[in-house]
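# Structural overview
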Amino acid sequence: MSDVETVEEEVAVEVDHEREAMLAEISDELGDEIVETFVKPGDDVWIRITRDAWVTTAEVLKNKLDFRFLNFVSAIDWMPSPFGRDMDSQVDLAMSAAQGDVPDPPDMTIETGYAGGDTRFQVFARVNDVDSGRAVTIKADVPDDDLSVPTWIPVYPGANWHERELMEMFGIAVTGHPNPRKLYLPGAFEGNPMRKDFALLARRIKPWPGIVDVEQMPGEDDEESSEAES
Amino acid sequence: MGLVESGKLPKPLTGLLNMSRKYSLWVYQWGLACCALEMGAAFASPRYDVMRLGVIPFPASPRQADLVVVSGTVTDKMAPAIRRLYEQMPEPKYVISMGSCANCGGPYWDSYSVTKGVDQIIPVDVYVPGCPPRPEALLEGIVMLQERILNEDMTARWTEEPIVVGA
Amino acid sequence: MTAISDAEKLRQLGEQATEARMNVEIETEGMTLNLGPQHPATHGTLRIIAKLDGEQVVVAEPVMGYMHRGYEKLAEVRTYPQVTTLVNRIDWVGSFANETPFILAAEKLMEIEAPPRAQYIRTVLHEMSRIANVMLGIGDMGVQIGAVTPIFFAFRDREYVLNQIEAVTGGRFHPNFDRIGGLKDDLPAGWIQNTQNAMDKVLEFCDQIETLMYGNEIFQARTRGIGIIPKDVGLSYGVSGVNIRGSGVDWDVRRDNMPQGLVYDQVDWKVWTHPDGDCYSRMWVRLQEVREGAKIVQQLLKQIPAGPVMAKVPRIIKVPAGEAFVETENPLGVMGYYIVSKGDLNPYRVKIRTASFSNISITPWLLKGVFVPDIIAILGSLYFILGDIDR
Amino acid sequence: MISLAFWIETTFRSVGGLAAVLLPAGPIVYIFLFKMMSFMQSRLGPTEAGPAGTLQLIAEVGKWIQKEDIFPEKADRLIFAAAPFVVLASSFLLVLVVPFGPDAWFVNLDTGIYFALAVSSVSVIGILMAGWASASKYSMLGGLRAAAQLIAYELPLVLAVMGVVIQAGTLNMQDIVLAQAEGEIFGWGGIGNPFIITQFLGFVIFMIAMQAELTQPPFDMPVAESELVTGYLTEYSGIRFLLFFIGEFATAGVFGMIASVLFLGGWWVPGLDPDSNLFNIIGPGVMFAKVMGVMFLVFWFRFTYPRFREDQLQKLAWKVLIPLALLNIVFTGILKVVF
């Protein structure tokens, strides 16, 4: 990146009135329900609300602020995977463990993203206003002892399938959903695949050749030295 | 069927029957994923035009098919349906497994919902590797299958090793 | 209310009452028809369970997951360059278009910008994959409603486009050509001229198919007034792309929310809409999309700047922590990637917003009360790719 | 006329009947279904089996007879097994009354065309049998659609023929040919009076109705691939499917014969004496050429048009074709009285 571009971006940082105005508009409507907000200038707006305001927010956004287009509804599991990056095959790890080379246990502290978060699971959704081209990402914390969110179907009927996916993949119940069946997987499937502690069985038993990609490429040193020579 | 499977036919008649099977392979298009498009290109594109070889892509019902091309990712949810549709086909029937996913799971080798290879469910006659294979590769697989059909001995049909294109 | 319309209303009420009585008298048992999971109409593995009353659909519900391959989970255990290979196969007819938003999102997090030449080539390839995709969709619509010839024409002329994609990327339709920070390679010699010619072929195909299919009375009878999606309903279901422009919503991500890294603002083109919202209008807009796409490509090719195609990017790609969402106008509609990064080699969470998933989620609403043949016409005109629904 | 022993005559008739039904079916499948369709779609069609793929059909037959003959578990076995024969039988019955030359006919019925139109409906029974006995929903829907469609299009078919019958003044198919050979158009008898000229509207209606009777696109609702898999054929495999397949195209051939007898002058060629013995020899050939001409039209539409929806198809029959056919009859009647 050249220096000129950096300067331009810094200018953009100072003047993102459009998104700040939008945020102010939403804050006026929602008031105390907003826990935290985050504006990335020139990019996007993140708003974290309380779970109780999940449906109210949808209503406000759709009916009062004209965000009529439902982009998606989904969730994030913020607990880091107990399997680490899961890039190394467990077979290989076991072998190296036998040689006394025990890898560090993965860091299990929960770090959340933009607009913060207090719990392991967080549902998030994105809605667009097609007339003005604005969009906003809504987040809400889901406490571990009560994994459920109210449904958005009465507001955005398109949330139906997104919420079924959410239930199936994360095991977060959606209260008031008319058809809480599995969307993708066969009925006998057990587990919630998108949870970080769901193990991919094939990775437990097979070595993964793709791991070499992140190691130093053969001949890399040669290339650099030839560059230095020329 | 008993006629053909008993294997006691005079040689010229067997040859004739084999030849008619060779040139009249009605193929059921089992387009599952990406490879379905390359299969479509091989079957419907004027550039490849599989009908030249006598492979007729008409049937929409497995009952009228001789050959099935399983092209694409087989998921655990789809697998029972594949088994069932294979069983609905009348003998003698042939299976071409097209693409890495149908062969062995391909790039989804570690997925929680993908069946790693259609040969776990149904017997496969020809494997066409690639992700996705070019239409030419599928045509080669079909030509190799036709050669095998021409020299086929019905009684030995289930004991032969499958063809692997390019191997 | 005038007297005439009151009388009309009364007559309609009477008719409804008669019909209701008839249905009670001839108590018919409903029938459940299963289209799919492997069915000629579903070009893929969508299953539709339809409860029928005669030939009329009472309730129809799609059952999906026959092509669910778990992209979101797999993306978490792959490095960023490896994810591109994977997401290529989401919408397998317009593969390059799947890579673009992911790469753009990663670039946004890394705060890298591709060189101008790479941006131009990206846009060209993005449009070319749109052309290849939508051409097939048009041909496929013919097959769905019983005309066999359009699909052959589509496959024939699509080859010219695929040839050009292959010439530059090396893959007929899984290019895996986009890189964080630019492109894998530069254009081969003579490619620009050949592509101009291929685009002429595409425009020729559009004229041909317009007379063969769109002008046909039976085609119009089968598609006009069928499967109408009203604006607001469509938006609240998240229907996007051609399907919502066919309902008169003048919204195109390419024009209104163009992500940084594409150059649609450098060319002169038009977003087509159609007010009707029925199957015909969707197919009509789709045809215009192909034409516009060809024109965009032809214009862009004339003004591709010289220069490198790759920005300075570290060998081992580690994306800084943060979240980014980039959506682009893909052949099937709006596709977006929500990437959550924790500064690692692999993304922490990738939410893939695919167009067909939302486009098809409207079908239960849309299929109520239509006839069995209309199911096929509606599904054909919504034009979905299974990988794009199930991921 | 020489009289032959009964068994010789019977043999001749059987062979002739088989030839009349099966011989056109083969070329129709090869020329139109394989080759013409492929050329229209810028392809080549079969090329490997025999020179230019001409032996493809032999291969087809050879393959189908060795396929497994599957009966679905819940099928009504007897009816399921009998259905293809009923369909095929209807085309044999149809060919009975078709004349191939001044003396080359199977039966010379005075009510020939009446008989032909009557037995053409027999195939509906076969299709309904197939649809019902398969115990499959697709088959059932396909069978019902077929029945509704064939019955609806029987009417315009009959009414279109009425014009010809009024103009020829006879129901005998042989006499209809002669009426065309000896007729004249407004006093000019240079090419006789092939009814395609004076009964053009009738010809168009007959062709559309015929397309529907043959369940070819755009009237292929009963076998709509993209909706009903293959309709009433869904559960058929092996030799029974082959019989249906032959039946479909044999019926197409026989309908082509009836169309050429009614509108194109049958076995007669303009400029030659219809009574000469020559026509007993070249008559079948002439008929075959005319059948191919008619079939070309049928298949041209087949590969170009999308398919109708069931209600649109019924509307076309009842609201357009039947009134038009009635008008045609009225005009023919008036003209018949005036001239």
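Source: prediction; values computed, not measured.

Rules and cut-offs
- Residues numbered from 1 in each chain as written.
- Chains lettered and ligands numbered in written order.
- Predicted model: local features only at pLDDT ≥ 70, side-chain atom pairs only at ≥ 80, totals over all residues.
- Heavy atoms only, no water.
- Helix = DSSP H or I, 4+ residues; strand = E, 2+ residues; numbered from the N terminus.
- Buried < 20%, exposed > 50% of the residue type's maximum accessible area, 1.4 Å probe, protein only.
- Contact = heavy atoms within 4.5 Å.
- Areas by Shrake-Rupley, 256 points an atom, 1.4 Å probe, with all protein chains shown as cover.
- Buried area = accessible area lost by both parts, 1.4 Å probe.
- Salt bridge = Lys/Arg side-chain N within 4 Å of Asp/Glu carboxyl O.
- Axes fitted to C-alpha atoms, helices over the stretch in contact; angles between N-to-C directions.
- Parallel < 35°, antiparallel > 145°, perpendicular 65-115°, else oblique.
- Left-handed = near helix turned anticlockwise from the far one by under 90°.
- Nonpolar A, V, L, I, M, F, W, Y, C, P; charged D, E, K, R; others polar.
- 1 Å grid on protein atoms, 1.4 Å probe; cavity = no way out; pocket = protein on both sides within 12 Å on 5 of 7 lines; lining within 4 Å.
- Points joined across faces, edges and corners; volume = space filled by probe spheres on them.
- Polar contact = N/O pair within 3.5 Å; in protein donor to acceptor, adjacent residues only side chain to side chain.
- Core = buried A, V, L, I, M, F, W, Y, C linked by side-chain atoms within 4.5 Å.
- Pairing = 2+ DSSP bridges.
- pLDDT = per-residue confidence, 0-100.

Per the secondary structure count, chain C includes 16 helices and 8 strands. Going through the 391 residues of chain C one by one, you find that 67% of them count as buried. Pairs at least 24 apart in sequence give 72% of the contacts found in chain C among residues at least 6 apart. When the accessible surface of chain C is totalled, it reaches about 12000 Å², and 53% of it is carbon and sulfur.

Across the boundary between the two partners, chain C contributes 53 residues, which contact 61 residues of chain A. Of the roughly 4900 Å² buried between chain C and chain A, counting both surfaces, carbon and sulfur atoms make up 55%. Considering only the surface of chain C that becomes buried against chain A, Lys 73, Glu 323 and Tyr 348 of chain C emerge as the three largest contributors, covering 14% of it. Linking chain C to chain A there are 6 salt bridges.

So, about the packing of helix α9 (residues 200–213) of chain D against helix α13 (residues 310–338) of chain D. Residue and element names in this part refer to chain D. With their axes 9 Å apart at the nearest point, α9 and α13 run at an angle of 150° to one another. With respect to α13, the element α9 is oriented roughly antiparallel. Relative to α13, the crossing made by α9 is left-handed. Across the interface between the two elements, Leu 201, Gly 202, Ile 205 and Ile 208 from α9 touch Leu 316, Leu 321, Leu 324, Ala 325 and Asn 328 from α13. Class assignment for the residues of the contact of α9 with α13 results in 7 nonpolar, 2 polar and no charged.

Residue and element names in this part refer to chain D. Under the counting rule described, the total for this entry stands at 9 cavities of 30 Å³ or more. Approximately 170 Å³ is the volume attributed to the second largest cavity. Lining the second largest cavity are 14 residues; nearest its centre among them are Val 87, Ile 127, Glu 213, Tyr 232 and Glu 248. Every element with two or more residues in the lining of the second largest cavity is listed here: α5 (122–133) and α11 (238–263). If one sorts the elements of the lining of the second largest cavity by residue count, α11 sits on top with 5 residues. In terms of residue class, the lining of the second largest cavity is built from 7 nonpolar, 5 polar and 2 charged.

Further remarks concern the interface of chain B and chain A. Between chain B and chain A, the contact holds 6 residues from the first and 13 residues from the second. Between chain B and chain A, a total of about 890 Å² is buried, with carbon and sulfur atoms accounting for 69% of that surface. Counting across the interface, chain B meets chain A through 0 salt bridges. Our count for the chain B to chain A interface comes out at 1 residue pair in polar contact (both at pLDDT 80 or more). When the residues that make up the side of chain B that touches chain A are grouped by side-chain class, the tally is 2 nonpolar, 1 polar and 3 charged.

Once that is clear, we can look at the nonpolar core. Core analysis: the largest hydrophobic core is formed by 237 residues, its most contacted members being Trp 54, Val 136 and Trp 152 of chain A, Val 70 and Leu 138 of chain B together with Tyr 214 of chain C. Broken down by element, the residue count for this core peaks at 13 residues, all from helix α5 (residues 116–144) of chain C. Look past the residues within four positions of Trp 54 of chain A in its chain and what remains in contact with it is Ile 49, Val 73, Val 123, Phe 124, Ala 125, Ile 138, Lys 139, Ala 140, Val 149, Pro 150 and Trp 152 of chain A. In this structure, Val 21, Ala 25, Ala 259 and Ala 317 of chain D belong to the second largest nonpolar core, which totals 100 residues.

The next thing to look at is the environment of Ile 362 of chain C. All names here are of chain C. Relative to the elements of secondary structure, Ile 362 occurs in the loop between α13 (355–361) and α14 (363–366). Note on Ile 362: relative accessible area 0%, which makes it buried. Along the primary structure Ile 362 and Leu 382 are separated by 20 residues, whereas in three dimensions their C-alpha atoms are 9.8 Å apart. In contact with Ile 362, other than residues within four places in its own chain, are Ile 229, Val 233, Gly 234, Tyr 237 and Val 239.

Another aspect to go through is the pattern of salt bridges. Pairs can form between side chains of opposite charge whenever their charged atoms are close. Across all of its chains, the model carries 49 salt bridges over all chains by this definition. For Asp 141 of chain A, the salt bridge identified is with Arg 48 of chain A, shortest N-O distance 2.4 Å. Highlighted residues: Asp 141 of chain A in strand β5 (residues 134–142) and Arg 48 of chain A in strand β2 (residues 44–49), separated in sequence by 93 residues. On the basis of relative accessibility, which here comes to 11%, the residue Asp 141 of chain A falls in the buried class. Across the pair Asp 66 of chain B and Lys 67 of chain D runs a salt bridge whose closest N-O atoms are separated by 2.6 Å.

What follows covers the sheet that holds strand β1 (residues 25–31) of chain B. Residues and elements named next belong to chain B. Here we have 6 strands laid out as an open sheet, ordered β2-β1-β3-β4-β5-β6, and parallel in their pairing. A strand with exactly one partner marks an edge of an open sheet, and here the two such strands are β2 (55–56) and β6 (163–164). For strand β3 (residues 67–71) and strand β4 (residues 94–98), the ladder comprises 5 bridges, and the chain directions are parallel. Bridging from a neighbouring strand, Ser 71 pairs with Met 98 of β4. On top of the sheet, helix α3 (residues 34–44) reaches β1, β3 and β4; it is set at about 150° to β1, its chief contact.

Our next topic: the packing of helix α2 (residues 11–23) of chain B against helix α2 (residues 56–65) of chain D. In the contact formed by α2 of chain B and α2 of chain D, the axes pass within 7 Å of each other and the chain directions differ by 110°. One element, α2 of chain B, and the other, α2 of chain D, form an angle in the roughly perpendicular class. Considering only the axes of α2 of chain B and α2 of chain D, their crossing is left-handed. Taking contact as the criterion, the partners of Leu 17, Ser 20, Arg 21 and Tyr 23 of chain B in α2 of chain B are, on α2 of chain D, Gln 56, Ile 58, Ala 59, Gly 62 and Lys 63 of chain D. Residues that form the contact of α2 of chain B with α2 of chain D fall into these classes: 4 nonpolar, 3 polar and 2 charged.

When you line up the elements, Lys 63 of chain D lands in helix α2. Contact partners of Lys 63 of chain D, with chain neighbours within four places excluded, come to Ser 20, Arg 21, Ser 24, Trp 26 and Asp 66 of chain B.

Another point: the confidence of the model for chain A. Residues and elements named next belong to chain A. Averaged over all residues, the pLDDT of chain A is 74; the fraction at 70 or higher stands at 72%. Taken as a whole, residues 1–13 scores under 50 in pLDDT and shows 4 contacts with residues more than four places along the chain or in a different chain. The low-confidence segment residues 222–230 (pLDDT under 50) makes 1 contact with residues lying over four places distant or belonging to another chain.

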